[in-house]
Every structure is written in structure tokens, then in C-alpha cells.
Amino acid sequence: FTGEQAKAACYSERMKGAEDILDILEEGGFESGTLQQKLAEKVPHVGNYFATEPQQLAMQAANDWSSAYLRQVSGATITAADVADNNAVFFPQSGDGPSVKAAKKLAREAAYNAVATMSGGKHKITMKDHERMKSDARKLIAKAIVEDRKNGQTVSDKTMNFIDSNSQNVNVFEGVPGADQIKWD
């Protein structure tokens, strides 16, 4: 296990974790790359106030994925402009059609596989660890939903049904502050 393999394993796991968050958001009905999300990203220092928590999670996951990828392939210091350029290549942008979004997802998979291959097979996590990471991501999204509901945002039935059906008999809202005080209908 060389130093280069260790770095590649670390970066590939960051990419996989970010992709898990994006997949769960997408399966729950969240659409990334919306105009509202892009506007929120462009307004310095106040953009997050215009974004919902799921949008913030999607932006954070895309930035983490891009940072990990760029660090592995370039090894250089990564600037905000580098991450933004990389996000435009790999993540949906406002105006992208379904086929472009699908192509960008395939490009992310290819990039992840390339970085994972650089690890010499050392990137593999156990299924138990992967399921824990996905469970943690669901909890994070549940917390974001509660925050949005507190702030008067609506949550689609598709998102709620996804969270309920994929929680594997675990209440993803258990332990989320304020979840018991939200009127869900």
C-alpha cells in the first residue's frame, strides 16, 4: 500500500460518499442544477440564505466530489474557480436536458472508477460501512427536510415516500431536533 494508493483511496471514498448523498437526494425527487440553486451559488456570502437545505447539501456534495477529484488528478492547490469549472463538467447545470444530465452522471462514474483504480484496489469499503454511510446521508437529508419545514418550505410527497420506503425500518427523523413538532400533512 503506497502513499499514492492511500491518497487515491481517500479521494475515491470522498467521491463515493458525495455521490451517495446526491443519489439519495435525486431518488427522493430533488433536482440538482436548478436556476434557484445556481443563483444561490453565485451570490457571495449570502447565497446559502436563498438555497434550501437539500440544495445546500447538493452543492456541498458536488464541491467535495470535485475537490477530491481535482486533488487526485492534479495534486495542485485547488481554487474555487477550479471547483466551479469542474462542477460544470460533471454536475447538472440549469438548462441541461435529461440526456446531458445522464452523460454527466456517467462521466462522474468514469472519473470515480479511474481514481478508485489508482488506489490499487485499496479503496474498497465493506458493505456494512457503505450502508452506514447511506444511512448517515439519509439522516442528514431528514434533518434538512425538518429545517426546511420549520422555515415554511414544502417537501414533496415523492421525497417523503422515498425517505419512508428506504429507511429500512429505521425512523430517519428519530433524534432530529424539532421533527416531532412539525405538521407533516
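Residues numbered from 1 in each chain as written. Predicted model: local features only at pLDDT ≥ 70, side-chain atom pairs only at ≥ 80, totals over all residues. Heavy atoms only, no water.

Topic: the overall build of the chain
Argument step 1. The helix and strand inventory of the chain stands at 8 helices and 0 strands.
Argument step 2. Ordered by position from N to C terminus, the α and β elements of the chain give α-α-α-α-α-α-α-α.
Argument step 3. Counting across all 185 residues of the chain, residues that qualify as buried make up 42%.
Argument step 4. For the chain, contacts bridging at least 24 residues in sequence account for 69% of all contacts bridging at least 6.
Argument step 5. For the chain, the exposed area adds up to about 10400 Å²; of that, 54% sits on carbon and sulfur atoms. (Helix = DSSP H or I, 4+ residues; strand = E, 2+ residues; numbered from the N terminus. Buried < 20%, exposed > 50% of the residue type's maximum accessible area, 1.4 Å probe, protein only. Contact = heavy atoms within 4.5 Å. Areas by Shrake-Rupley, 256 points an atom, 1.4 Å probe, with all protein chains shown as cover.)

Observations regarding the packing of aromatic side chains
Pairs of aromatic rings are described using the distance from one ring centre to the other and the angle between the two planes.
Argument step 1. Taken as a whole and assessed by the stated rule, the structure comprises 4 aromatic pairs.
Argument step 2. Ring centres 5.3 Å apart and planes at 70° place the aromatic pair Tyr69 and Phe90 in the edge-to-face group. In this pair, Tyr69 is assigned in helix H4 (residues 53-74) and Phe90 in helix H5 (residues 80-90), connecting sequence segments 21 residues apart.
Argument step 3. For Tyr69, a relative accessible area of 17% gives the class buried. (Phe/Tyr/Trp six-rings, centres within 6.5 Å; stacked < 30°, edge-to-face > 60°.)

Examining the nonpolar core
Argument step 1. In this structure, Met15, Leu25, Trp65 and Tyr69 are the most contacted members of the largest nonpolar core, which totals 27 residues.
Argument step 2. Of all the secondary-structure elements, those providing two or more residues to this core are helix H1 (3-27), H4, H5, helix H6 (98-118) and helix H7 (127-150).
Argument step 3. At 8 residues, H4 tops the list of elements feeding residues into this core.
Argument step 4. Those residues in contact with Met15 that lie beyond four places of it in its chain are Trp65, Ala68, Tyr69, Ala111, Tyr112 and Val115. (Core = buried A, V, L, I, M, F, W, Y, C linked by side-chain atoms within 4.5 Å.)

Quick notes on the confidence of the model for the chain
Argument step 1. Put simply, the chain has an average pLDDT of 76, and 63% of its residues get 70 or more.
Argument step 2. At the level of individual helices and strands, the chain shows its lowest average pLDDT in helix H8 (residues 157-165), which scores 57, and its highest in H5, which scores 91. (pLDDT = per-residue confidence, 0-100.)

What to know about the side chain of Asp96
Argument step 1. Topologically, Asp96 is positioned in the loop between H5 and H6.
Argument step 2. A relative accessible area of 19% places Asp96 in the buried class.
Argument step 3. Reaching out from Asp96, the side chain makes a polar contact with the backbone nitrogen of Gln93 at a distance of 2.8 Å.
Argument step 4. A distance of 2.7 Å separates the side chain of Asp96 from the side chain of Lys104, its partner in a polar contact.
Argument step 5. Setting aside chain neighbours within four positions, we find Asp96 in contact with Phe91, Lys101 and Lys104. (Polar contact = N/O pair within 3.5 Å; in protein donor to acceptor, adjacent residues only side chain to side chain.)

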